[in-house]
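Next come the chains, spelled out residue by residue.
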Amino acid sequence: MSVLRPVARARDKRTDIQALRTIAVSLVVLFHLWPNRVPGGFIGVDVFFVISGFLITQHILHEVNAKRFSITAFWARRIRRLLPASFLVLFVSGVFVVFVAPISNWSQWLGEIQSSIFYLQNWNLAGAAVDYLALANQASPVQHFWSLSAEEQFYFFWPLLVAISLWFANRKAIFVAILLVVIASFGYGIYLTSAEPAIAYFSTMVRAWEFGVGAIAAFLPTVQGLRRQKLYFILGISTIFAAAFLINTETAFPGLAAVIPVLGTFLVIVAGLNSGVMSRAISWSPIQWIGDKSYAIYLWHWPLLILIPVAFKSELSLASKFLVVLVTVVLAWLTEALVEQPISKLQVSKWKIFALAASVSVLIASLAGLAINSGKQQIDSELQFGKLGAIATHECFGAKARASDSSRCEASTLEGIYPSLNVAASDTPVLPEECFSVKREQTEASYCALGNRESQIKIAAVGDSHLAQFAGALNAMALKNNWKVDMYAKGGCPFSFAVRVHDALLTETCPAWVDNVVSKLNAENYDLIVTSQRSGVDWVNGNSAAVSGLAKLWQQLLATGNEIVAIKDNPSPGKNMVSCLISSAECDSPRSKALAFDPQVEAVQLAPAVALLNFDDVYCDASTCFAVIGNAVVYRDDNHLTDTFARSLTALVEPRLNEVLQANR
């Protein structure tokens with residue numbers, strides 16, 4: 001039998017494929033609930049991709065053979081099958097976000113619902129994965145739509161590939177085209193997994209070969225003979241489970257590692273097991289039932305896993321995890337019975353299907369947009385309380401509570417905490433409109449213009465995001481003291497000749513950016529350079545290289561007449577502090593763990609002319625580093641200060657900067 005002849009069997013439902021679906025969705029759910037027990041359970045998604053490639057290609061080939069292949073009819077069937085349930089989950093998730101989630105999450109979470117409604121969530125997450133400012137984003141209730149987005153993009157592209165192949169040649173060209181896609185996508189995936197692993201994971205182009213392998217299976221005859229079928233089936237299932245337990249989140253994935261689950265799924269499909277004891281075992285009704293409901297189970301499990309802890313303000317316990325599984329199964333059953341099956345029986349033209357899908361998509365996206373705008377207005381209003389007026393100037397608010405006479409602040413009349421936990425995660429510096437975010441690939445020494453641009457006193461603020469977190473405070477000080485401040489900040493790039501262990505792109509661009517900034521600083525003749533950098537990170541060649549590389553840079557700047565003030569980094573609690581405070585857990589951290597290695601401390605010994613501002617005793621007492629200080633929430637995520645708390649440090653930073661400036665006039 002020719003490999004180019006579509007040989008898909010005529011059975012309406014293959015019990016082996018339903019069993020594969022059960023395995024795939026079970027691995028994904030178990031991984032999300034117990035990641036340490038099933039470390040590679042996320043490969044269930046790859047199993048789904050191969051299954052989709054096989055079934056869709058099988059269906060298309062039958063239509064091609066029958067000379068009734070229609071691209072628009074194919075798209076209409078996919079919309080009717082998949083979108084009603086996904087629209088329901090997205091709408092319900094959006095409603096629950098508005099009613100139970102902190103307002104600070106609305107913009108990200110509802111924005112992801114908008115991306116998901118148009119099946120672009122994978123590209124949204126790919127962009128966020130390489131956006132340093134988005135790295136602290138919390139997982140949204142619809143994050144799992146990335147795989148559905150990649151699959152929908154496949155459903156859009158695949159029939160076009162078939163049509164183009166038929167237009168230029170014949171049916172044999174379809175196989176050749178698919179084979180070329182598999183080869184190109186696989187090669188690109190290996191490259192991108194090494195160069196940009198975060199993007200590779202979500203990329204449709206990288207994942208296309210997995211669908212393609214399933215498509216190739218649609219051209220192959222199933223294995224003949226029960227013994228060989230059993231052998232292929234056992235090898236395939238064993239390979240899938242091996243991947244689920246040997247692969248983990250530290251594995252370079254998809255890359256070469258994705259071959260394991262893809263190959264396992266391919267072997268099960270071509271085995272075509274349809275008789276014998278094993279076939280009867282996988283035909284067991286509970287296995288088939290879960291396979292039937294696997295799509296709805298996948299849709300519902302993740303929103304429940306994210307929103308239940310938010311609603312009850314506590315982390316998932318063992319009992320609540322089992323509750324998530326139970327509710328997921330019930331909702332999946334109801335979704336199939338009340339949504340999927342009734343809609344599948346409706347007699348509606350394909351053009352009405354397109355119109356309805358577009359209308360509902362726009363409606364849900366518009367409602368999400370309205371909620372996002374409303375949330376932003378509420379955030380802007382609430383964030384002002386801790387930055388303006390009596391609260392901000394109170395002698396015991398924020399950092400001032402630890403810097404003042406402690407007995408006086410123990411009797412403070414301040415009440416509540418600022419910003420409120422509902423908006424604290426959004427408490428970032430508000431910068432002038434002309435400011436920008438330095439891109440990861442950028443090496444040019446551009447800056448954000450703060451303060452009084454007409455001033456003769458010029459200050460450069462230079463560093464990574466732990467310098468940029470002081471932008472609001474620096475701008476306020478600059479406007480008050482008539483300073484001109486140029487902020488050179490690149491997320492993930494410490495201002496040092498030492499190199500931080502990071503992804504390939506930042507490892508390449510950071511040294512070039514640092515060199516260009518050094519040249520700019522020497523050319524601009526600044527009155528003062530203020531710098532800071534994140535502590536507790538890994539360094540190429542270790543901590544000693546971090547100290548010597550930083551000291552070398554400082555010594556070079558000092559030699560050309562620059563004055564430098566370094567701000568020792570804040571403690572790193574290692575967990576999202578806003579989420580912790582919302583859950584009413586114990587959020588203070590042991591001082592011994594929170595104060596991580598900061599090369600600035602030792603570098604000052606080699607460059608003593610640098611003034612180091614150390615606020616360890618503001619953040620911490622002898623044993624504990626605090627989550628709330630002087631009624632101010634200290635952190636907006638797991639390591640960055642809220643703008644409110646950073647501004648409260650102004651009372652301690654401003655006198656030191658003025659002292660250095662006056663000493664050198």
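Residues numbered from 1 in each chain as written. Predicted model: local features only at pLDDT ≥ 70, side-chain atom pairs only at ≥ 80, totals over all residues. Heavy atoms only, no water.

### Brief notes about the state of the cysteines
Then comes step 1: Across all of its chains, the model carries four disulfides by this definition.
Then comes step 2: One disulfide bridge connects Cys493 with Cys510, the sulfur atoms lying 1.8 Å from each other. In this structure, the disulfide formed by Cys493 and Cys510 twists by about -65° around the S-S bond and is classed as left-handed. Note that Cys493 is positioned in the loop between β3 (484-489) and α22 (504-524) and Cys510 in helix α22, a separation of 17 residues in sequence. (Disulfide = S-S within 2.5 Å. Helix = DSSP H or I, 4+ residues; strand = E, 2+ residues; numbered from the N terminus.)

### As for the pairing of strand β2 (residues 458-463)
Then comes step 1: Among the six residues of β2, six are classified as buried, and the element is accordingly described as predominantly covered.
Then comes step 2: Burial of β2 is two-sided: the residues Lys458, Ala460 and Val462 facing one way and the residues Ile459, Ala461 and Gly463 facing the other way are all buried.
Then comes step 3: Of the strand pairs in this sheet, β2 and β3 are connected by six bridges, and their pairing is parallel. What sits directly across from Ala461, in β3, is Met487.
Then comes step 4: One ladder, built from five bridges, connects β2 with strand β4 (residues 528-532); its direction is parallel. (Buried < 20%, exposed > 50% of the residue type's maximum accessible area, 1.4 Å probe, protein only. Pairing = 2+ DSSP bridges.)

### Looking at helix α1 (residues 15-33)
Quick reminder: α-helices carry 3.6 residues per turn. Residues three or four places apart thus point the same way.
Then comes step 1: Compared with the 27 Å implied by 1.5 Å per residue over 19 residues, the 27 Å span of α1 between its first and last C-alpha is a close match.
Then comes step 2: With respect to burial, α1 is a largely interior element, 14 of its 19 residues being buried. (Expected span 1.5 Å × (residues − 1).)

### Notes on the confidence of the model for the protein chain
Close inspection of predicted coordinates is inappropriate for parts of the model with low pLDDT.
Then comes step 1: For the protein chain, the average pLDDT comes to 91, and 95% of its residues sit at 70 or higher.
Then comes step 2: The low-confidence segment residues 1-11 (pLDDT under 50) makes 28 contacts with residues lying over four places distant or belonging to another chain. (pLDDT = per-residue confidence, 0-100. Contact = heavy atoms within 4.5 Å.)

### Notes on the pairing of β3
Then comes step 1: Taking burial as the measure, the six residues of β3 include six buried ones, the bulk of the element.
Then comes step 2: The alternating pattern of β3 places Lys484, Asp486 and Tyr488 and Val485, Met487 and Ala489 on opposite faces, both of which are buried.
Then comes step 3: Pairing of strand β1 (residues 448-451) with β3 involves four bridges; the strand directions are antiparallel. Each residue of the ladder has a partner; that of Cys448, found in β3, is Met487.

### What to know about the sheet that holds strand β5 (residues 564-567)
Then comes step 1: Ordered in space as β1-β3-β2-β4-β5-β7, the six strands form an open sheet in which the pairing is mixed. Of all the strands in the sheet, just β1 and β7 (611-613) have a single pairing partner and so form its edges. Averaged over all neighbouring strand pairs, the angle between strand axes comes to 25°, with direction disregarded. (Axes fitted to C-alpha atoms, helices over the stretch in contact; angles between N-to-C directions.)

### Remarks on the nonpolar core
Then comes step 1: Core analysis: the biggest nonpolar cluster contains 115 residues, and Leu20, Ile43, Leu110, Phe145, Trp158, Ile178 and Phe253 have the highest contact counts within it.
Then comes step 2: For this core, the element with the most residues is helix α14 (residues 294-312), which contributes 13 residues.
Then comes step 3: Discounting residues that sit within four places of it in the chain, Ile178 has contacts with Thr57, Trp158, Leu161, Gly212, Ala215, Ile216 and Phe219.
Then comes step 4: The next biggest cluster of nonpolar side chains, apart from the first, holds 55 residues, and it includes Ala478, Tyr635, Phe645 and Val653. (Core = buried A, V, L, I, M, F, W, Y, C linked by side-chain atoms within 4.5 Å.)

### Quick notes on α22
Then comes step 1: With 21 residues, α22 should reach 30 Å at 1.5 Å per residue; the first-to-last C-alpha distance of 31 Å fits that figure.
Then comes step 2: Along its length, α22 shows its largest kink, about 25°, at Cys510, and proline Pro511 lies within four residues downstream of that point.
Then comes step 3: Regarding α22, the residues found buried are Leu505, Leu506, Thr509, Cys510, Trp513, Val514, Val517, Val518 and Leu521.
Then comes step 4: Residues of α22 that are buried in the fold lie against β2, β3, β4 and α23 (542-559).
Then comes step 5: N-capping of α22 is provided by Asp503, with a side-chain oxygen placed 3.1 Å from the backbone N of Leu505.
Then comes step 6: Just beyond α22, the residue with positive phi is Asn525, at close to 55°. (Bend = angle between axes of the 7 residues up to and from the residue. Polar contact = N/O pair within 3.5 Å; in protein donor to acceptor, adjacent residues only side chain to side chain.)

### Here's the deal with the packing of helix α6 (residues 145-168) against α14
Then comes step 1: One way to put it is that α6 packs onto α14 with a least axis distance of 10 Å and a crossing angle of 135°. Overall, the two elements α6 and α14 adopt an arrangement that is oblique. Along its contact with α6, which presents Phe145, Ser147 and Leu148, the element α14 presents Tyr295, Tyr298 and Leu299.
Then comes step 2: The residue inventory of the contact of α6 with α14, partitioned by class, reads five nonpolar, one polar and no charged. (Parallel < 35°, antiparallel > 145°, perpendicular 65-115°, else oblique. Nonpolar A, V, L, I, M, F, W, Y, C, P; charged D, E, K, R; others polar.)

### Considering the side chain of Thr335
Then comes step 1: Here Thr335 lies in helix α15 (residues 318-345).
Then comes step 2: Within the structure, the side chain of Thr335 is placed 2.7 Å from the backbone oxygen of Leu331, a separation counted as a polar contact.
Then comes step 3: Not counting chain neighbours up to four residues away, the residues in contact with Thr335 comprise Ala85, Leu88, Ala296, Trp300 and Glu340.

### Regarding the environment of Val142
Then comes step 1: Its location among the elements puts Val142 in the loop between α5 (121-129) and α6.
Then comes step 2: The buried category is assigned to Val142, whose relative accessible area is 0%.
Then comes step 3: Residues Val142 and Leu474, 332 residues apart in the sequence, show an inter-C-alpha distance of 37 Å.
Then comes step 4: In this structure, Val142 is in contact with Leu90, Ser93, Trp109, Glu112, Ile113, Ser116, Gln121 and Trp302, ignoring residues within four places of it in sequence.

### Remarks on the pattern of salt bridges
Then comes step 1: For the structure on display, the rule yields 15 salt bridges.
Then comes step 2: A salt bridge links Glu210 to Arg207; the shortest N-O distance between them is 3.3 Å. One end of the pair is Glu210 and the other is Arg207, both in helix α9 (residues 204-217) and three residues apart, which spans about a single turn. Each of the two residues, Glu210 as well as Arg207, counts as buried. (Salt bridge = Lys/Arg side-chain N within 4 Å of Asp/Glu carboxyl O.)

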